[in-house]
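A look at the structure
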Amino acid sequence: MGVSQWVVTIIGLLLSFGIAWFFWGPKKGGSQAEVKDSGYQEADILVKGGYTPDVIVVHRGKPVRLQFLREDKSSCSEMVVFPDFEKSMMLPFGKKVTVELLPNDAGSYPFTCQMGMYRGTLIVKE
Amino acid sequence: MNKANALKHFETRIWLDNSCSAVIVEKALLSMSGVLKAVVNPAISKAYVVFDPQKTSEQVITQKLEALGAKVLDSHQDRQDCEHHAHHQTPSEEQNPNEEGSEYRELMRKWWFAAAISIPTILVSYPDLFPGVKDWLPMGSPKLWWARFVVAWLTIPVMVWSGGQFFTGMWEGLKHRSANMHTLIATGISAAWLYSAVALLWPGIFPDPAMAEVYYDVTTVVTALVVLGMAMEVRAKGRSSEAIKKLIGLQPKTAHVLRDGQELEISVDDVVVGDVVIVRPGEKIAVDGIVVEGTSAVDESMLTGESLPVSKEPGQEVFSGTLNKTGSFKFKATKVQQDTALANIVEMVRQAQGSRIPVQRIVDKVSAIFTPGVIILAILGYVIWYDFGPQPSYIYAMIVAVTTLIIACPCALGMATPMSLTTGIGKGAENGILIRSGEALQIAERLNTIVLDKTGTITEGKPSLTDVIPLGRFTETEILRIGASIEQGSEHPLAGAILDGAKDQGVTFVQVVGFNAIPGHGVEGVVEGKRVLFGNLKLMRKEGIPLADLQTHATRLADEGKTPMYLAIDGEAAGIIAVADTVKEDSADAITQLKKMGLEVVMLTGDNERTARAIAKQVGVDRVLADVLPQDKAENVRKLQAEGKKVAMVGDGINDAPALTQADVGIAIGTGTDVAIEASDITLIKGSLKGVVSAIQISRATMRNVYQNLFGAFIYNAAGLPVALGILYPFLGILLSPLVAAAAMAFSSVTVVANANRLRNFKPKEL
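The rules we used
Residues numbered from 1 in each chain as written. Chains lettered and ligands numbered in written order. Predicted model: local features only at pLDDT ≥ 70, side-chain atom pairs only at ≥ 80, totals over all residues. Heavy atoms only, no water. Pairing = 2+ DSSP bridges. Helix = DSSP H or I, 4+ residues; strand = E, 2+ residues; numbered from the N terminus. Axes fitted to C-alpha atoms, helices over the stretch in contact; angles between N-to-C directions. Salt bridge = Lys/Arg side-chain N within 4 Å of Asp/Glu carboxyl O. Buried < 20%, exposed > 50% of the residue type's maximum accessible area, 1.4 Å probe, protein only. Parallel < 35°, antiparallel > 145°, perpendicular 65-115°, else oblique. Contact = heavy atoms within 4.5 Å. Phe/Tyr/Trp six-rings, centres within 6.5 Å; stacked < 30°, edge-to-face > 60°. pLDDT = per-residue confidence, 0-100. Core = buried A, V, L, I, M, F, W, Y, C linked by side-chain atoms within 4.5 Å.

So, on to the sheet that holds strand E18 (residues 522-527) of chain B. In any sheet, the strands associate via hydrogen bonds between backbone groups, in a parallel or an antiparallel arrangement. All names here are of chain B. Spatially, E16-E21-E20-E19-E18-E17 is the arrangement adopted by the six strands of the open sheet, whose pairing is antiparallel. Of all strands in the sheet, those with a lone pairing partner are strand E16 (464-470) and strand E17 (512-518), marking the two edges. Across the sheet, the mean angle separating the axes of adjacent strands is 20 degrees when strand polarity is ignored. Looking at chain direction, E16 and strand E21 (residues 572-580) are connected through six bridges and run antiparallel. Counterpart to Ser-464 in the pairing with E21 is Ala-580.

If you want it as structure tokens, here you go:
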């Protein structure tokens, strides 16, 4: 192998590791939902190329109210699904949609678009 | 001036910041003097207030809203036609058709543009393939270079406009450190474009002039094909949710209500519980309620599947979305907005369509790692081809990487189950079968045993008095009088049959003292000073009553499918009263079909063995579990499961609830307005057992469709990826072009969608 082959090989491998780390590596702690007077733990989630924030931390046993606002035209994002709660909602473009959940058990519950491309996690703490 | 007219409607767009919640604002508004109604819907940023202008004003309400932390954006006062005011139940569905339509049209425009630019792009990329072009723009000529230069500029709007969503989608994804379909396409088409630009502008940097080829065709054709695929997907997706749109379309927009003696036409959302609603012939019923005046026939086929109109008179229930046929009547609203039976059905279908089937979870896990994995594969493919591939290795490596990125779009995989599920569950709803979740659908496909409750499921559930057999010195009238009297306090369905029968024969009832119901046995009490026992054989045995030849009569009656009940007076057998329930017209037919589908059919009943067997024989059921106490029904289902069977329990939902829950799939057979909806996995809104047949057919058809899609998507990726990476090249010399990859990718998505749409033509069929 010549020099150019070695260079391409090393760059390729570094790039692969970089990509693996970037997409699969540990992500930051997520945002904590605020607890409101109404007794709800609330968070606003923007749907645009993904969920912002995509990690929501809440406490067990208190109702959760998530407000989704979709600003993403692609039809992939038109529905949000909480598989563990058997709950789903259509998200019309540009409208706030409220999803209410009652997490009884601590754990980590994913929520995704219907095709599983956009992903977020609801982390329920004790 | 009329009071109703004096009230003012006030609608405003508001913005609720984080410090206030809708409920608090509503409560605060309602606590104000003069405010009669306040609805705040944060989802559509609207507040809707009805107030008495003599007590308060718009300004006061606005001030109050501001004080609560809600920003008031604009307002419309006195809008009588509050078509779109807050709390509208289904904003999404009503807007969807337009939203979908506009998305489809925009994608189609993008496709036409990309397709148009693709033609000159292909011509200049491969001039050798086109005889006329070959002579006009020969390879290596300055004319060809200039033609390619022009095309290079033309491809920019294709990428920016037609393919813009790939780049914005990729960027938004990258911000979340996630990769999606857009990431793959955007990387692929821009890699091809950049390579072409370098080849065009600085051909000198390539060691071999043959490498300085342009691949603008990859950019434009891939964009065009993928955009076309997306457009077809949008259109097909709209079709798959047709069922819900149909259901929502059933509810009329307005209702005529009587307020303060005046008839007003108002939006259905403004109808409140207690309103008296007027319905004329040909009108749809707006909300659920109870008829208070007038009679009519109402077509309830949309909810119950019953094709004959149902006659309605005061005291009877009417349901939102049904059609009034003949007369005019007034009814009192009992359930409005999201509480109506129709709204519940819509919500249930919607939830089910969005739910996951267990098999999908594996797909979810795969797609989470899929896209970054493909990018890494593309890079590694590049490296391997660059290092070990044939010369010019630059080109081979680039083709392999771009092809890999484009062919591996995970769309087909992601859509495989949701598309079929949405269509299948919608199909169920169209046929009066409400499937609660994708999981129920998946299990229903694998059922091998169907347990049918007898009363109300196989039979009509409306037993009637058939025989009265007195013994010895007792007369027919006497035992009917005593038997019917003691049953006055009973809630057992058979008691009703005896009471009705006795009334028809003009029997006068007498007082009962010390009435007591013994579950699973019968009743006891004191009538005219005599101790009376009335119930089944178990009761007589328990009390040690000698039955003489009564048992022969009982056996004969039971063999005829009737239920005999023994009457004992002061410890002496007095006679038998028998009732019978008619078998539903199509029960036998449905059971035959279930058996043809390879299912074992079991009958479960609290009735005695002989009667149960007689009914079972009539309808063709082979296995009978009789004399089962209500509380033991679930236990019997569990025993069947212990035999390794996948069991569906079909019951009318009230006393069968534990058994419905215990079964792998609980199927409630009812009217669709029942609480039964809550207890079951599947609800049949038509009362017929044929629904069970259809439900299983739908689940089988849907799951078959899901497996086909998953198989197709899996094979496509499993085969496409290695071929794109060039695994066949060393053996067969086959290397895919990025154009073929784009076509394959668009085709795979469209195939999945088209296959799911085949389900729309599904019709439950007679076997």
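Turning our eyes to something else, we now look at the pattern of salt bridges. Residue and element names in this part refer to chain B. Scanning all chains against the criterion turns up 29 salt bridges over all chains. Residue Arg-280 pairs with Glu-263 through a salt bridge whose shortest N-O separation is 2.9 Å. Within this pair, whereas Arg-280 is found in the loop between strand E7 (276-279) and strand E8 (288-293), its partner Glu-263 is found in strand E6 (residues 262-267), the two being separated by 17 residues in sequence. The class of Glu-263 is partly exposed, set by a relative accessible area of 34%. One salt bridge in this structure joins Glu-609 and Arg-613, with 3.0 Å as the shortest N-O distance.

This paragraph deals with the packing of helix H22 (residues 587-596) of chain B against helix H27 (residues 690-724) of chain B. Residue and element names in this part refer to chain B. Across the interface, H22 lies against H27 with an axial gap of 8 Å and an inter-helix angle of 30 degrees. Judged on the interaxial angle alone, H27 and H22 are roughly parallel. Of H27, the residues touching H22 (which contributes Asp-589, Ala-590, Gln-593 and Leu-594) are Lys-690, Val-692, Val-693 and Ile-696.

This brings us to the packing of aromatic side chains. Taken as a whole and judged by the stated rule, the model has 21 aromatic pairs over all chains. Here Tyr-51 of chain A and Phe-111 of chain A contribute two aromatic rings whose centre-to-centre distance is 5.1 Å and whose plane-to-plane angle is 55 degrees, an arrangement assigned as tilted. Here Phe-111 of chain A lies in strand E10 (residues 107-113) and Tyr-51 of chain A lies in strand E4 (residues 51-52), a separation of 60 residues in the sequence. When its relative accessible area of 0% is taken as the criterion, Phe-111 of chain A is described as buried. Ring centres 5.3 Å apart and planes at 10 degrees place the aromatic pair Trp-145 of chain B and Phe-149 of chain B in the stacked group. Of this pair, Trp-145 of chain B and Phe-149 of chain B both sit in helix H6 (residues 142-162), four residues apart, which is roughly one turn of the helix. The class for Trp-145 of chain B is partly exposed, based on a relative accessible area of 32%. Classification of Phe-149 of chain B by relative accessible area gives partly exposed; the value is 25%. Every member of this aromatic cluster is reached through a ring pair, and the members are Tyr-51, Phe-68, Phe-82, Phe-85, Tyr-109 and Phe-111 of chain A.

What follows covers the confidence of the model for chain B. All names here are of chain B. Per-residue confidence for chain B averages 80 on the pLDDT scale, and 87% of its residues sit at or above 70. Across residues 1-5 the pLDDT falls below 50, and counting only partners more than four positions away or on other chains, this stretch makes eight contacts in the model. Every residue in residues 75-96 is under pLDDT 50, and counting partners more than four places away or in other chains gives 63 contacts.

Residue and element names in this part refer to chain B. When strand E5 (residues 254-259) meets E7, the two strands line up antiparallel, connected through three bridges. The residue of E7 that forms the bridge with His-256 is Ile-278. In this sheet, strand E13 (residues 329-335) lies alongside E7 in antiparallel orientation, the contact comprising four bridges. Along E13, the bridge assignment pairs Val-279 with Phe-329.

Take the sheet that holds strand E5 (residues 55-59) of chain A next. Residue and element names in this part refer to chain A. Strand order across the open sheet formed by six strands is E1-E5-E11-E10-E7-E8, with mixed pairing between neighbours. What marks the edges here is a single partner per strand, and that holds for strand E1 (31-32) and strand E8 (87-90). Across six bridges, the pairing between E10 and strand E11 (residues 119-125) is antiparallel. Each residue of the ladder has a partner; that of Tyr-109, found in E11, is Leu-122.

The next point concerns the nonpolar core. Residue and element names in this part refer to chain B. Formed by 73 residues in total, the largest nonpolar core has its most connected members in Ile-450, Ile-682, Leu-689 and Val-692. It is H27 that provides the largest number of residues to this core, a total of 10 residues. When near neighbours in sequence (up to four residues on either side) are disregarded, Leu-689 contacts Leu-452, Thr-457, Ile-458, Ser-587, Ala-590, Ile-591, Val-650 and Ile-669. If you look at the next biggest cluster of nonpolar residues, it comprises 67 residues, including Trp-193, Val-214, Ile-406 and Leu-736.

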